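Read off the chains here:
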Amino acid sequence: MPRDIDRRGFVRRLPVLTAGLAGGFSTTALSACSASARYLVPVAGPRGLSIRRDAIGSDGAAFVQSREMERPIYLRRDTAGAWTALLASCTHRGCQPEPVGDRLVCPCHGSEFSMTGSVLEGPADRPLTRYEVVEEGDQLLVRTRGGRS
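Fair warning: this is a prediction, and the values are worked out from it, not measured in the lab.

### Quick look at the pairing of strand E6 (residues 83-87)
Most of E6 sits inside the fold, with four of its five residues counted as buried. Relative to E6, strand E5 (residues 73-77) is paired through five bridges, and the arrangement is antiparallel. Following the sheet pairing, Arg77 is matched in E6 by Trp83. The antiparallel hairpin formed by E5 and E6 contains five residues in its connecting segment, where Gly81 sits at a positive phi of about 95 degrees. With two bridges connecting them, E6 and strand E11 (residues 130-136) associate as antiparallel partners. Residue Ala85 lies in a different strand from E11, and its bridge partner there is Tyr131.

The following block contains the structure:
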């Protein structure tokens, strides 16, 4: 019969629980969560953040984050070829949503957002901040200064 455990007991047993969980999963399952999370460092300029288009990769998505940013911007090209840039900061409590299929899912409280930033599932009740993306030659400019939409 399972017995109740208080918070202090849980914290004391956490290293044992974590080791047991990690030992029970294959490395494929553990790496699947972070496999799509590519991070790129942009060049910050007076109009926003610039990144080489070919740095994005064949999957058409990446997180873009400079040292000055608390949360990254999720940059993604859709099937029609249009670029979307969303601040990866959940509007509920500020956790970082991650791409899961065709959504961004917040690991803290379960909010889900479409790839255009609209709320699909709460507790968040406001969309993600969206930025304009402009193609300039082989560069993408994410207009973080005066270019929010």
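Continuing now.
### Considerations on the side chain of Gln96
Within the secondary structure, Gln96 sits in the loop between E6 and strand E7 (98-100). Gln96 gets classed as buried once you look at its relative accessible area, which sits at 15%. A distance of 2.7 Å separates polar atoms of two side chains, one belonging to Gln96 and the other to Tyr39. One polar contact links Gln96 to Glu98, side chain to side chain, over a distance of 3.1 Å.

### Some remarks on the packing of aromatic side chains
Inspection of every chain in the model, using the stated rule, returns two aromatic pairs. Here the aromatic rings of Tyr39 and Phe63 are separated by 5.0 Å at their centres, their planes lie at 20 degrees, and the arrangement is stacked. Taken as a pair, Tyr39 in strand E1 (residues 39-40) and Phe63 in strand E4 (residues 61-64) lie far apart in primary sequence, 24 residues in all. The class for Tyr39 is partly exposed, based on a relative accessible area of 42%. The exposure class assigned to Phe63 is buried, which follows from its relative accessible area of 0%. Arranged with centres 5.1 Å apart and planes meeting at 55 degrees, the rings of Phe63 and Tyr74 form a pair that is tilted. Residue Phe63 is found in strand E4, and its partner Tyr74 is found in strand E5; the two are separated by eleven residues along the sequence. Considered together, Phe63 and Tyr74 belong to a single accessibility category, that of buried residues. Site record: aromatic cluster; members linked through ring pairs are Tyr39, Phe63 and Tyr74.

### Description of the environment of Asp125
By the element assignment, Asp125 lies in the loop between strand E10 (119-121) and E11. For Asp125, a relative accessible area of 64% gives the class exposed. Setting aside residues no more than four positions away along its own chain, Asp125 makes contact with Thr91 and Val119.

What counts and what doesn't
Residues numbered from 1 in each chain as written. Predicted model: local features only at pLDDT ≥ 70, side-chain atom pairs only at ≥ 80, totals over all residues. Heavy atoms only, no water. Buried < 20%, exposed > 50% of the residue type's maximum accessible area, 1.4 Å probe, protein only. Helix = DSSP H or I, 4+ residues; strand = E, 2+ residues; numbered from the N terminus. Pairing = 2+ DSSP bridges. Polar contact = N/O pair within 3.5 Å; in protein donor to acceptor, adjacent residues only side chain to side chain. Phe/Tyr/Trp six-rings, centres within 6.5 Å; stacked < 30°, edge-to-face > 60°. Contact = heavy atoms within 4.5 Å.

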